[in-house]
Amino acid sequence: MKTFWTELIKRRVFRTVGAYIGVGYALLLVAQTLEHALVLPTWFDTSVISILVMGLIPVIVLAWVFQFTSEGLVRNKDIPQADISGQDAKIELFDIAAIAITLFIVGVLGLRILSPNVMTSKTERSAEIIDAPEKSIAVLPFEAMSAEQSDLFLGRAVAEETLNRLAKIPELKVSARTSSFALADQDLDIKEIGERLEVAHILEGSIRRSGDRIRITAQLVRTDDGYHIWTETFEPEMADLFLIEDRIVAAISRTLQIRLGVGIGQSKPTGDGIDPAAYEAFLNGKALWSLRMRNNENRFKSFKAFERAVEIDPGFSEAWSALALTGLGSKGSPLSRDKEAFSKKIDQALDRALATNPQNLEALLVAGHWRISEHLDFDGAQDLFERARQIDPKQTELAYAVYWAMTGEPEKALAARDKVAELDPLNFGFLRIRADLQAMIGRDDDALKFYNECQAVNCLQEGFIAFGSTVALLSEDPAEIEKWQKLWHGFHAFIKTLPESELPQVVKVIPAYFATEFGDPNAEQLQQEMIELFKTEPVTDTIGQWGPTFAQFMPPELFIDTLKLAYERGDLFGASFDMLPFYGQKNYPDELLKHPRYHALWEKPGLKELATLRRANGYHHSLPVQDNPASE
């Protein structure tokens, strides 16, 4: 054995193995670098390791048989013995190091073979992650590298448009914009954001403008370890911005397709022919609309930005649908004060959006909602929703929630909203509507839980207090009622400080509602003031929502006059639970339900069809009744 060991040293086997391992390690580093830089498959560097290990045995055999000398490659048996033995003392330390490295490598390989559960290969780890939420991504707003507000909006809008295109990849879970952007405003690291959103990848970036050129840097990051698996910098002119978003999505799609098997063929340019100035206005409008809850003025600015976009480029379908969406979400706000002109403008926007692109999903969904709330055209809305279903069944099902709630299927509508909560868990606007639906079917505890949590962290603007206070009243819990009564009074004091131009008309009447419901000492006085107001200046905004309380103390003739005027103005349905018992639990008084004029109101176009749909679904609340209940 000693002779064999001595022979290994004399033949420089350990020296050769040490050199091989050193070169192999360098090759492995190069392989890992290439894998990440060129987005090569995850098995690339693993294959390199396997080849190096398999090559070790031939190297040992060759080292035993041959040596490099000054005369070239020579078989060991042809080298004089004196030449070999003369090297012994000089190579001793090198051989010891080579032996140690060789034993370490053999030990690692042995541990990997004998204990596969202790050390899992990179390929196996990747497979395990892919089986979990690996095919998932969140997009954060691109950071503006200057103090210009326009760059802030542009960074948010570019991120949102990129997110929308990634969401079209069927196999990829994309965190909703509201949730992703909400976390971006918090001081969280990538791993925390990934855990909160339950995604394996984050797309982040920055944006800097210099004249007509923009520098956009985008990077894709793994949330488990913060490793950047793709990064690229783009420096387009504004005219190329739309196409740059496609390039970003194309690069990410390729990265995800190679690593995870998703996204192949999903990115195709869609911005050809759009005027760059119109597109920039469109992006600004999108960003401003997303910030409307923070500042009501952003609602006006958003609407104007979309108007500017379609003025520059009348063929820009997405800008027309965005303009209509802003209008749909602004019913009852100061933006809609001129009812007739406002309604006409939204109708025209939807017509132009679908004329320029009949497959515009957003336009189809917004048009369906608008047909319901503004025109009471339920058949027309269903036709639009069915067209949308052919494009995206998932989003269409969520859009149908408004239809189902209004036509007397609140449980079905709530199920759709539950799906929204799963896909977009930090979208507090959606969650508020979900809480309202919970209250509508008697789940007051669930609804109140949301409002209490929202109030604790101030998740929405102060206006949500009006809805939370109503749910607290429905709960009949004295402690909750006392708490929310104080919150309401604080909110009422706050809105008194705001200029009238920033307030919807409904703030003139809801003080009487809450004074009545909370039993405030001034309730009767406010009721009388409201009655006098409605005689000369009826407030019809969202009257269908607050009506069940007003009907308790307003003269029936005056209240029906108000409902009739609201119908004529298109104000009767501002929410999906209008003209229902308030939140499904407080109905109109019998005197009103049996009134001949109330019956006549429900015979008007749209209302008659709605009554038929509600009765077909077994939902008779708030519908006119005969003196003989059996006749209904």
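All values derive from a computational prediction rather than experimental measurement.

Details of the overall build of the protein
Regarding its fold elements, the protein presents 29 helices and eight strands. When burial is assessed residue by residue, the protein has 49% of its 632 residues classed as buried. Taking all contacts inside the protein whose residues are at least 6 apart in sequence as the whole, residues at least 24 apart take part in 64%. Accessible area of the protein: about 30,400 Å², with a carbon and sulfur share of 55%.

Remarks on unusual backbone geometry
Backbone geometry places E198, a non-glycine residue, at a positive phi of 55°. Residue placement: E198 occurs in the loop between helix 9 (190-197) and strand 6 (201-210). Phi is positive for E476, which is not a glycine, with a value near 60°. Position of E476 relative to the elements: it lies in the loop between helix 21 (464-475) and helix 22 (478-495). Residue E476 is classed as exposed on the basis of its relative accessible area, which comes to 67%.

Some details on the pattern of salt bridges
A side chain of one charge can pair with a side chain of the opposite charge when the charged atoms of the two come close. In the structure shown here, the tally under the stated rule is 18 salt bridges. The closest approach of N and O atoms between E532 and K535, which form a salt bridge, is 3.3 Å. Highlighted residues: E532 and K535, both in helix 24 (residues 523-536), separated by three residues, approximately one helical turn. Note that E557 is salt-bridged to R597, the shortest N-O span being 2.5 Å. On the criterion of sequence distance, the pair formed by E557 in helix 26 (residues 556-569) and R597 in helix 28 (residues 596-601) is long-range, its members being 40 residues apart. The class of E557 is partly exposed, set by a relative accessible area of 39%. Taken together, the shared-partner salt bridges connect K304, E307 and K345 into one network.

A look at helix 26
Helix length check: helix 26, at 14 residues, gives a terminal C-alpha distance of 20 Å against a target of 20 Å (1.5 Å per residue), a fit within 8%. Restricting attention to buried positions, one finds in helix 26 the residues L558, F559, I560, T562, L563 and A566. Where helix 26 ends, the next residue or the one after it, G570, has phi of about 80°, a positive value.

Describing helix 16 (residues 378-389)
For helix 16, with twelve residues, the first-to-last C-alpha span of 16 Å sits near the 16 Å given by 1.5 Å per residue. Along helix 16, the positions that sit buried rather than exposed are F378, G380, A381, L384, F385 and A388. Angularly, the buried residues of helix 16 cover 160° about the axis, an arc narrow enough to put them on a single face. In helix 16, the exposed residues that point more than 90 degrees away from the buried face are D379 and D383. At its buried positions, helix 16 is contacted by helix 14 (339-356), helix 15 (361-373), helix 17 (393-406) and helix 29 (607-616). Two to three positions downstream of the cap, the backbone nitrogen of G380 sits 2.9 Å from a side-chain oxygen, assigning the N-cap of helix 16 to D377.

Here's the deal with the confidence of the model for the protein
Residue-level pLDDT values for the protein average 76, and 69% of them are 70 or greater. Confidence scores differ between elements of the protein, with helix 6 (residues 122-131) showing the lowest mean pLDDT of 37 and helix 28 the highest of 94. In this model residues 108-132 is a low-confidence stretch, pLDDT under 50, and it forms 20 contacts with partners more than four residues away in sequence or in other chains. Note on residues 263-271: pLDDT under 50 across the span, and 20 contacts to partners over four residues away in sequence or across chains.

Structural notes on a negative patch on the surface
On the surface, a cluster of negative charge is made up of D187, D189, E192 and E195. Relative to the helices and strands, D187 resides in the loop between helix 8 (177-184) and helix 9. Given a relative accessible area of 79%, D187 falls into the exposed group.

Some points on the environment of I465
Along the chain, the position of I465 falls in helix 21. The exposure class of I465 is buried, given its relative accessible area of 10%. The spatial distance from the C-alpha of I465 to the C-alpha of H492 is 9.7 Å, given a sequence separation of 27 residues.

Concerning the nonpolar core
In terms of nonpolar packing, the biggest core is built from 145 residues, with L203, F282, F514, F550, M554, F559 and Y598 touching the most fellow members. Beyond its immediate stretch of four places on either side in the chain, F514 contacts A466, S469, T470, L473, W488, G519, D520 and W546.

What to know about the pairing of strand 3 (residues 136-139)
By the alternation rule, side chains of strand 3 split into S136 and A138 and I137 and V139, which are all buried. Note: strand 3 against strand 5 (residues 173-174), two bridges, orientation parallel. Each residue of the ladder has a partner; that of I137, found in strand 5, is V174. The pairing of strand 3 with strand 6 spans three bridges and is parallel.

Considering the pairing of strand 8 (residues 228-234)
Pairing of strand 7 (residues 213-222) with strand 8, which is carried by six bridges, proceeds in the antiparallel orientation. Across the sheet, I216 pairs through a bridge with F234, a residue of strand 8. What sits between strand 7 and strand 8 in their antiparallel hairpin is a turn of five residues, with G226 showing a positive phi close to 75°.

Some words on the packing of aromatic side chains
In this structure the tally under the stated criterion is 23 aromatic pairs. Residue placement shows K331 over the ring face of W370; its charged tip is 5.6 Å from the ring centre. Taking NZ or CZ as reference, R432 lies 3.9 Å from the ring centre of F467, over its face.

Some thoughts on the environment of A305
Among the secondary structure elements, A305 is positioned in helix 12 (residues 297-312). On a C-alpha basis, the gap between A305 and G285 in space is 4.9 Å, while along the polypeptide they are 20 residues apart. Other than its neighbours up to four places away in sequence, A305 contacts A281, N284 and G285.

Concerning the side chain of S180
By secondary structure assignment, the location of S180 is in helix 8. Judged by its relative accessible area of 0%, S180 is buried. Reaching out from S180, the side chain makes a polar contact with the side chain of S175 at a distance of 3.2 Å. In this structure, S180 is in contact with A138, V139, L140, S175 and L197, ignoring residues within four places of it in sequence.

Cut-offs used in this document
- Residues numbered from 1 in each chain as written.
- Predicted model: local features only at pLDDT ≥ 70, side-chain atom pairs only at ≥ 80, totals over all residues.
- Heavy atoms only, no water.
- Helix = DSSP H or I, 4+ residues; strand = E, 2+ residues; numbered from the N terminus.
- Buried < 20%, exposed > 50% of the residue type's maximum accessible area, 1.4 Å probe, protein only.
- Contact = heavy atoms within 4.5 Å.
- Areas by Shrake-Rupley, 256 points an atom, 1.4 Å probe, with all protein chains shown as cover.
- Salt bridge = Lys/Arg side-chain N within 4 Å of Asp/Glu carboxyl O.
- Expected span 1.5 Å × (residues − 1).
- Arc of directions from axis to C-beta.
- Polar contact = N/O pair within 3.5 Å; in protein donor to acceptor, adjacent residues only side chain to side chain.
- pLDDT = per-residue confidence, 0-100.
- Patch = residues over 30% accessible without salt bridge, like charges linked within 9 Å, V, L, I, M, F, W, Y side chains within 5 Å.
- Lys, Arg positive; Asp, Glu negative; His and termini not counted.
- Charge placed at Lys NZ, Arg CZ, Asp CG, Glu CD.
- Core = buried A, V, L, I, M, F, W, Y, C linked by side-chain atoms within 4.5 Å.
- Pairing = 2+ DSSP bridges.
- Phe/Tyr/Trp six-rings, centres within 6.5 Å; stacked < 30°, edge-to-face > 60°.
- Lys NZ or Arg CZ within 6 Å of the ring centre and 35° of its normal.

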